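Structural characterization, general
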Amino acid sequence: MLILGIETSGKVASCAVMSEERLLAENLVYTKLTHSQIILPMAEELLADCSLTFKDLDGIVCAAGPGSYTGLRIGIAAVKGIVLGAPHLKCAAVSTLEALCRELAGFTGRIVPVLYARPGKIYVGEYESSAAGIRALSEDRITDEAEFFASLERSVPVMLTGDRAAEIKSLYFANDADVLLAPTANRLQRASALCAAFLADPSRAVDPEDLAASYLQATKAEKDKAHSEM
Amino acid sequence: MTYTFYTGSPAETIALGRAVGRRLHGGDCIAYLGDLGAGKTTMTRGIAVGMGLDDDVTSPTFALVNEYRGRGLSLCHFDMYRITSDADLETTGFFDYMDEDTVLAVEWSENISGSLPDTAVYIRLERTGDETRKITIDGDDRFADIGDRDLG
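Please read all numbers here as calculations on a predicted model, not as lab measurements. Here the residue index of a chain counts from 1 through its sequence in written order. Labels are handed out in written order, letters beginning with A for the chains and numbers beginning with 1 for the ligands. Restriction of local features to residues with pLDDT of at least 70 applies here, the model being predicted, together with a cutoff of 80 or more for giving and counting side-chain atom pairs; totals for whole chains, interfaces and linings are based on all residues. With hydrogens and water excluded, all non-hydrogen atoms of the structure serve as input to the side-chain values.

In this description a helix means any DSSP run of H or I spanning at least four residues, a strand means any run of E spanning at least two, and both kinds are numbered starting from the N terminus. Along the backbone of chain B there are four helices and seven strands. Ordered by position from N to C terminus, the α and β elements of chain B give β-α-β-α-β-β-α-α-β-β-β. Each radius of gyration reported is based on C-alpha atoms, and the globular scaling rule is 2.2 Å times the count of residues to the power 0.38. Computed over C-alpha atoms, the radius of gyration of chain B comes to 14 Å, within 12% of the 15 Å expected from 2.2 N^0.38 for 152 residues, which places it in the range of a compact globule. By principal-axis analysis of the C-alpha atoms, chain B measures approximately 40 × 35 × 30 Å. Scored against the burial criterion, the 152 residues of chain B give a buried share of 54%. Across chain B, every contact between residues at least 6 apart in sequence was considered, and the portion connecting residues at least 24 apart equals 64%. Carbon and sulfur atoms form 47% of the exposed surface of chain B, whose accessible area is close to 6,900 Å². Positive charges come from Lys and Arg, negative ones from Asp and Glu, while His and the chain ends are left out of the count. Think of each charge as sitting on NZ of Lys, CZ of Arg, CG of Asp or CD of Glu. Between the averaged position of the 14 positive side-chain charges in chain B and that of its 27 negative side-chain charges there is a distance of 6 Å. Relative accessibility decides the category of a residue: with a 1.4 Å probe and only protein chains considered, values under 20% of the type maximum give buried, values over 50% give exposed, and everything between is partly exposed. Here a residue-residue contact requires only that any non-hydrogen atoms of the pair lie within 4.5 Å. Surface accessibility follows the Shrake-Rupley procedure with a 1.4 Å probe radius. Residue values consider only the protein chains on display as shielding.

As structure tokens, this is what we get:
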């Protein structure tokens with residue numbers, strides 16, 4: 001399967017073309033510029049570099065979230081738009097947090113991807129990485145940063161990744177050798193990780209109209225709690 | 001700390017905004033409190049100039065947010081008048097704009113009081129006459145040295 005990945009969920013705009021055998025091409029830019037202006041030209045250039053067109057692809061994947069509200073919408077809209085013109089493409093949206101774990105697939109232990117949501121709040125997941133692959137241990141969620149890391153399960157080695165990982169390491173685990181920080185080059189979103197997730201489980205494919213973002217809003221219960229504390 | 005100013009004209013309000021804008025840095029959030037026509041957009045015009053941006057600031061009422069991009073600092077000017085829930089707020093991209101090189105200026109901040117950062121600088125504008133305003137800044141000591149000379 002030949003997959004185009006489109007990643008716009010955070011500061012990184014990234015595209016990749018990947019098959020089961022190899023990563024053919026990948027581009028990523030950490031940028032403040034609007035992803036909507038960057039991502040489609042980037043995809044076209046990347047395909048041209050590989051002497052491919054959309055017709056040659058089998059599938060296309062973007063990040064489902066969590067992440068930037070606007071960024072997620074750009075990625076999903078791009079995929080839906082491309083599929084309109086290339087209806088043979090299988091499409092999927094993959095958890096941003098799961099994809100971050102896929103970049104660290106060689107690691108054995110617990111991976112905790114953590115993205116900054118808003119002051120004091122994080123998007124976080126807990127994944128197990130082993131020879132069997134990447135498996136979610138809990139649902140991705142938005143939660144209180146200090147609370148979550150105060151009760152982090154640490155019976156196995158933990159690796160932190162994501163745009164908030166470095167701050168988490170220095171704030172809560174500065175002297176803890178069993179809590180590791182993902183390497184710089186593998187700590188932020190990249191499109192090849194989305195491709196890897198789709199390739200690992202092609203049954204994720206959905207009808208383009210069912211492609212949806214997972215913004216991870218605070219639950220009703222959390223809002224009620226916050227309200228009662230006001 | 002709270003600092004109170006009295007301005008006698010839109011030009012003076014802009015001048016005060018300019019003094020405030022010069023003291024802002026990335027990650028700051030200005031939360032306006034004040035009624036329609038109190039001068040929030042006028043004040044923001046001054047803040048933009050103080051930040052080194054141009055003064056072509058217009059009301060964000062229809063767009064919900066106007067962005068003014070600079071080489072260093074950028075300003076995002078929100079109108080939360082029609083924002084009444086967390087879900088509404090999310091759809092403005094408010095949280096996407098919170099950034100280390102961006103200043104947020106939020107009109108009708110009352111509507112999103114639960115989502116404002118703890119470090120928000122509150123600016124209350126009150127009409128005291130057709131042209132005159134009482135402007136109260138509730139923020140840190142960066143604003144302590146703004147004086148009448150800044151209004152000229």
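Text resumes after the structure shown.
Quick look at the side chain of Arg-118 of chain A now. Following the sequence through the fold, Arg-118 of chain A ends up in strand 6 (residues 109–118). For Arg-118 of chain A, a relative accessible area of 17% gives the class buried. N or O atoms within 3.5 Å of each other form a polar contact, as long as, within protein, one can give a hydrogen and the other can take it, and as long as residues adjacent in sequence are counted only when both atoms are side-chain atoms. Side chain to side chain, Arg-118 of chain A and Glu-90 of chain B meet in a polar contact 2.9 Å long. Residues in contact with Arg-118 of chain A, not counting those within four places in the same chain, are Tyr-123 and Ile-142 of chain A together with Glu-90 and Phe-95 of chain B.

Here we take up the interface of chain A and chain B. Facing 12 residues of chain A, the contacting portion of chain B comprises 12 residues. Roughly 1,100 Å² of surface becomes buried between chain A and chain B when both sides are summed, with 48% attributable to carbon and sulfur atoms. Two parts placed together each lose some accessible area under a 1.4 Å probe, and adding up what both lose gives the buried area. Area buried by chain A at its contact with chain B is led by Lys-32, Tyr-69 and Arg-118 of chain A, which between them contribute 44% of it. For this analysis, a salt bridge means a side-chain nitrogen from Lys or Arg found within 4 Å of a carboxyl oxygen belonging to Asp or Glu. Our enumeration of links across chain A and chain B arrives at two salt bridges. Of the charged contacts, one joins Glu-90 of chain B and Arg-118 of chain A as a salt bridge, the two residues approaching to 2.9 Å between their closest N and O atoms. Scanning the region where chain A abuts chain B turns up four residue pairs in polar contact (both at pLDDT 80 or more). Looking at the side of chain A that touches chain B, the elements with two or more residues in it are helix 2 (69–85) and strand 6 of chain A. By residue number, the principal contributor to the side of chain A that touches chain B is helix 2 of chain A, which donates three residues.

This paragraph deals with the nonpolar core. Residues and elements named next belong to chain A. Grouped together as the largest cluster of nonpolar side chains are 28 residues, with contacts concentrated most on Ile-6, Val-17 and Ile-60. Only strand 1 (3–7), strand 2 (12–18), helix 1 (35–49), strand 4 (59–65) and helix 2 provide two or more residues apiece to this core. If we ignore the near neighbours within four places in the chain, the residues touching Ile-6 are Ser-14, Cys-15, Ile-39, Ile-60, Val-61, Cys-62, Ala-63, Gly-75, Ala-78, Ile-82, Ala-191 and Leu-194. Buried Ala, Val, Leu, Ile, Met, Phe, Trp, Tyr and Cys residues that are joined via side-chain atoms within 4.5 Å together make up what is termed a nonpolar core.

Residues and elements named next belong to chain A. The strand order 3-2-1-4-5 describes an open sheet built from five strands, whose pairing is mixed. Both outer strands of the open sheet, strand 3 (23–30) and strand 5 (90–95), are each paired with one neighbouring strand and no more. Each adjacent strand pair in this sheet contributes to an overall mean axis angle of 15°, direction not counted. Strands are treated as partners if at least two bridges between them are detected by DSSP. Pairing analysis gives four bridges linking strand 1 to strand 4, with the strands arranged parallel. Bridging from a neighbouring strand, Ile-3 pairs with Gly-59 of strand 4. Lines are fitted to the C-alpha atoms to define the axes, a helix being fitted only along its stretch in contact, and any angle between axes, read from their N-to-C directions, falls within 0 to 180 degrees.

Attention now goes to helix 2 (residues 40–50) of chain B. Residue and element names in this part refer to chain B. Burial analysis of helix 2 places nine of its 11 residues in the buried class, the great majority of the element. Within the span of helix 2, buried status applies to Lys-40, Thr-41, Thr-42, Met-43, Thr-44, Gly-46, Ile-47, Ala-48 and Gly-50. Those residues of helix 2 hidden inside the fold are in contact with helix 1 (10–22), strand 2 (29–33), strand 4 (74–79), strand 5 (102–107), strand 6 (121–127) and strand 7 (133–138).

In this description, a pair of aromatic rings is defined by centroid distance and the angle of the planes. We call Phe, Tyr and Trp rings a pair once their centres come within 6.5 Å, taking the six-membered ring for Trp, and we label the pair stacked below 30 degrees between planes, edge-to-face above 60, and tilted otherwise. Applying the stated criterion to the full structure yields nine aromatic pairs over all chains. When the centroid spacing of 5.3 Å and the interplanar angle of 75° are considered together, the rings of Phe-78 of chain B and Phe-94 of chain B count as edge-to-face. Of this pair, Phe-78 of chain B sits in strand 4 while Phe-94 of chain B sits in helix 4 (residues 94–97), placing them 16 residues apart in sequence. No difference in accessibility class separates Phe-78 of chain B from Phe-94 of chain B, as the two residues are buried. Of the aromatic side chains, those joined through ring pairs into one cluster are Phe-148, Phe-149, Tyr-172 and Phe-173 of chain A. Lysine NZ or arginine CZ positioned within 6 Å of the ring centre and within 35 degrees of the ring normal marks a charge as sitting over the ring. One residue, Lys-40 of chain B, lies across the ring of Trp-108 of chain B, its end atom 4.6 Å from the ring centre.

To continue, consider the domain arrangement of chain A. Residues and elements named next belong to chain A. Taken domain by domain, chain A consists of domain 1 (3–95 + 189–210) and domain 2 (98–186). Note that domain bounds follow an automatic or database assignment of domains. Computed over C-alpha atoms, the centres of domain 1 and domain 2 are 24 Å apart. A buried area of about 950 Å², summed over both sides, lies between domain 1 and domain 2, and 56% of it is on carbon and sulfur atoms. For domain 1, the biggest contributors to the area lost against domain 2 are Pro-66, Ser-95 and Gln-189; these three give 46% of the whole. The tally of links from domain 1 across to domain 2 stands at one salt bridge. One salt bridge in this structure joins Glu-98 and Arg-204, with 2.6 Å as the shortest N-O distance. Taken together, domain 1 and domain 2 are joined by six residue pairs in polar contact (both at pLDDT 80 or more). Looking at the side of domain 1 that touches domain 2, the elements with two or more residues in it are strand 5 and helix 6 (191–200). A per-element tally of the side of domain 1 that touches domain 2 places helix 6 first, with five residues.

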